[in-house]
Structures are given as C-alpha cells and as structure tokens.
Amino acid sequence: MTSRDEIDSAIEAVIRAQLQSAIILRVLVEHDVEIDGSTYLQIRVIVRPKKKGWLDPGEMVGMIPLVREHLFELGVETFPLIDYIDEMEAGDLAAA
C-alpha cells in the first residue's frame with residue numbers, strides 16, 4: 001500500500017513538472033471522504049503566475065488526467081480535485 005507521503009510527493013512532482021506558467025509556492029494535499037464514504041484528494045496549488053494574472057489554461061486542463069495516471073501507477077484510485085490559488089489570495093496557506 002502506498003503511503004500518504006508517497007502519494008503527496010508524487011502529486012507535487014507531477015504538478016511542478018507540468019505547470020510551467022507559474023512559480024509554485026506550495027502544493028497542499030488533503031485526503032478526504034465524502035458523506036457517502038467515497039474518498040477524494042483535495043489539492044491546492046499556491047502559485048505566483050509568471051505573467052501577471054495568467055496561468056496557461058492548457059496546463060491546467062490536462063493536470064487532472066496526468067495526476068490520475070500517476071496515481072493509478074501507484075495503485076491509488078482516489079479522484080483528485082485541484083484548486084489553483086494566487087499567492088495574494090492564499091493568505092496563511094502560502095506560508096511554507
């Protein structure tokens with residue numbers, strides 16, 4: 001069984017490799033459970049866009065399938081949800 005740390009590290013590595021239109025300040029992964037018992041991963045990516053107020057939509061659209069592919073390789077079937085948060089809006093989340 002894959003540990004949470006291994007899962008979190010794999011997710012962060014994929015996101016850092018794929019998202020080139022921003023400086024990634026922090027990747028937060030929460031392992032959570034829906035009311036029906038299904039699990040999901042809430043991923044918050046704290047970013048500083050390289051161009052003012054702009055992230056490449058193509059990078060963001062392709063991120064969930066890419067993250068899922070890596071999770072499947074680890075034997076994890078949990079669905080990822082990804083939020084991209086500008087460092088100015090992140091508040092305390094941006095602190096490492």
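Our subject is the structure listed above.
Described below are features of the structure shown in this document. Every value quoted in this text rests on a predicted model; they were computed, and no experiment measured them.

### Here's the deal with the pairing of strand β2 (residues 39-49)
β2 sits mainly inside the fold: eight of its eleven residues count as buried. For strand β1 (residues 22-33) and β2, the ladder comprises eleven bridges, and the chain directions are antiparallel. The partner of His31 across the bridge, within β2, is Leu41. Here β1 folds back onto β2 in antiparallel fashion, the turn holding five residues, of which Gly37 has a positive phi close to 95°.

### Digging into helix α1 (residues 4-18)
An α-helix turns once per 3.6 residues; consequently, residues spaced three or four apart project the same way. Between the first and last C-alpha of α1 there are 21 Å, a value that for 15 residues agrees with the 21 Å anticipated at 1.5 Å per step. Here the buried face of α1 lies against β1, β2 and α3 (63-73).

### Some remarks on the sheet that holds strand β3 (residues 79-86)
A sheet is described by the order of its strands in space; here three strands give the open sequence β1-β2-β3, paired in mixed fashion. Of all the strands in the sheet, the pair left with one neighbour each is β1 and β3. Strand after strand, the sheet turns through a mean of 20° between neighbouring axes, direction not considered. Sheet analysis places β2 next to β3, joined by eight bridges and oriented parallel. Looking at the pairing, Val47 lines up with Asp86 of β3.

### A look at the pattern of salt bridges
Evaluation of the coordinates by the stated rule reveals three salt bridges. Across the pair Arg16 and Glu12 runs a salt bridge whose closest N-O atoms are separated by 2.8 Å. Taken together, the residues Arg16 and Glu12, both in helix α1 and four residues apart, mark about one turn of the helix. Note on Arg16: relative accessible area 35%, which makes it partly exposed. Note that Arg44 is salt-bridged to Glu30, the shortest N-O span being 2.5 Å.

Reading guide: rules and limits
Sequence order as written defines the numbering, with residues in each chain counted from 1. The model is predicted, so local features are restricted to residues of pLDDT at least 70 and side-chain atom pairs to those at 80 or more, both for listing and for counting; the totals for chains, interfaces and linings are taken over all residues. Based on all heavy atoms of the structure, the side-chain values leave hydrogens and waters out of the count. Under the scheme applied here, a residue whose accessible area is under 20% of the maximum for its type counts as buried, over 50% as exposed, and between as partly exposed, the area being computed with a 1.4 Å probe on protein chains only. Only DSSP runs of H or I reaching four residues or more are called helices, and only runs of E reaching two or more are called strands; each is numbered from the N terminus. Any two strands are treated as partners once DSSP identifies two or more bridges connecting them. By definition here, a helix of n residues has an expected span of 1.5 Å times n minus one. Whether two residues are in contact is decided by their heavy atoms, any of which lying within 4.5 Å being enough. Note on definitions: angles span 0 to 180 degrees between N-to-C directions of axes, and those axes are lines fitted to C-alpha atoms, for helices only across the stretch in contact. Salt bridges are counted wherever a side-chain nitrogen of Lys or Arg sits within 4 Å of a carboxyl oxygen of Asp or Glu.

Function-wise, these values are silent; they only describe arrangement.
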